[in-house]
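Structural overview for review
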Amino acid sequence: LMNYTTPEEAVKLIESGDRVFVHGSAATPKCLLQALTKRAPELRGVELIAISTLGDLEITQRQYSDSFYFNSLFVSANIREAVNEGRGDYIPIFLSEISRLFEKKILTIDVA
């Protein structure tokens, strides 16, 4: 039996200072990121790690820069402005080596 919850309930797990892995490409969790964006006033310094996100993401806008920081493993078009303006960063890495960042605890993840 599966338990389901709302996006708003799911993102309540995220706290200020957490590092959050965001799945990307066609599986970019846009509804979860939108729910997280609504929590911006109560969150600070949440680092979002992603490989390649797709779609229009409100969370990347300047007004949320105190709450959310993108640390991207591939700079998708929707976060390029944030990275170029210093509201995000880029970790150059081969796609085949990304899992090692997590396995070797180079990047520890609080929430995924």
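Structure: above.
What counts and what doesn't
- Residues numbered from 1 in each chain as written.
- Predicted model: local features only at pLDDT ≥ 70, side-chain atom pairs only at ≥ 80, totals over all residues.
- Heavy atoms only, no water.
- Helix = DSSP H or I, 4+ residues; strand = E, 2+ residues; numbered from the N terminus.
- Rg over C-alpha atoms; globule rule 2.2 N^0.38 Å.
- Contact = heavy atoms within 4.5 Å.
- Areas by Shrake-Rupley, 256 points an atom, 1.4 Å probe, with all protein chains shown as cover.
- Lys, Arg positive; Asp, Glu negative; His and termini not counted.
- Charge placed at Lys NZ, Arg CZ, Asp CG, Glu CD.
- Polar contact = N/O pair within 3.5 Å; in protein donor to acceptor, adjacent residues only side chain to side chain.
- Core = buried A, V, L, I, M, F, W, Y, C linked by side-chain atoms within 4.5 Å.
- Buried < 20%, exposed > 50% of the residue type's maximum accessible area, 1.4 Å probe, protein only.
- Phe/Tyr/Trp six-rings, centres within 6.5 Å; stacked < 30°, edge-to-face > 60°.

Moving on, we get to the overall build of the protein. Of the regular secondary structure elements, the protein holds four helices and four strands. The linear arrangement of helices and strands in the protein, starting from the amino end, is α-β-α-β-β-α-β-α. Taken over the C-alpha trace, the protein has a radius of gyration of 14 Å; the compact-globule value for 112 residues is 13 Å, and the two agree within 12%. Along the first, second and third principal axes, the C-alpha atoms of the protein reach 35 × 35 × 25 Å. For the protein, the proportion of contacts with a sequence separation of at least 24, taken over those separated by at least 6, is 55%. Put simply, the protein shows about 6900 Å² of open surface, and 54% of that area lies on carbon and sulfur atoms. A distance of 3 Å separates the average location of the 12 positive side-chain charges in the protein from that of its 15 negative side-chain charges.

For the rest of this paragraph, the subject is the side chain of arginine 39. Within the secondary structure, arginine 39 sits in the loop between helix H2 (30-38) and strand S2 (46-50). A polar contact is formed between the side chain of arginine 39 and the backbone oxygen of isoleucine 14, at a distance of 2.8 Å.

With that settled, consider the nonpolar core. One recurring pattern in soluble globular proteins: nonpolar side chains tend to sit buried together. Judged by nonpolar contacts, the single largest core of 21 residues is most densely connected at Ile14, Val20, Leu36, Val46, Leu48, Ile59 and Phe68. Of all the secondary structure elements, the ones that give two or more residues to this core are strand S1 (19-22), H2, S2 and strand S3 (68-72). Not counting chain neighbours up to four residues away, the residues in contact with leucine 36 comprise Val11, Ile14, Leu43, Leu48, Ile59 and Phe68. By size, the runner-up hydrophobic cluster in this structure holds five residues, among which are Ile49, Leu73, Ile98 and Leu101.

Take the side chain of asparagine 71 next. Looking at the secondary structure, you find asparagine 71 in strand S3. On the basis of relative accessible area, asparagine 71 is assigned to the buried category, the value being 11%. Separated by 2.7 Å, the side chains of asparagine 71 and glutamate 47 make a polar contact.

Applying the stated rule across the entire model yields one aromatic pair. With 5.5 Å between their ring centres and 80° between their planes, phenylalanine 21 and phenylalanine 102 make a pair best called edge-to-face. In this pair, phenylalanine 21 is assigned in strand S1 and phenylalanine 102 in helix H4 (residues 98-103), connecting sequence segments 81 residues apart. Given a relative accessible area of 22%, phenylalanine 21 falls into the partly exposed group. Taking relative accessible area as the criterion, phenylalanine 102 reaches 23% and is therefore assigned partly exposed.

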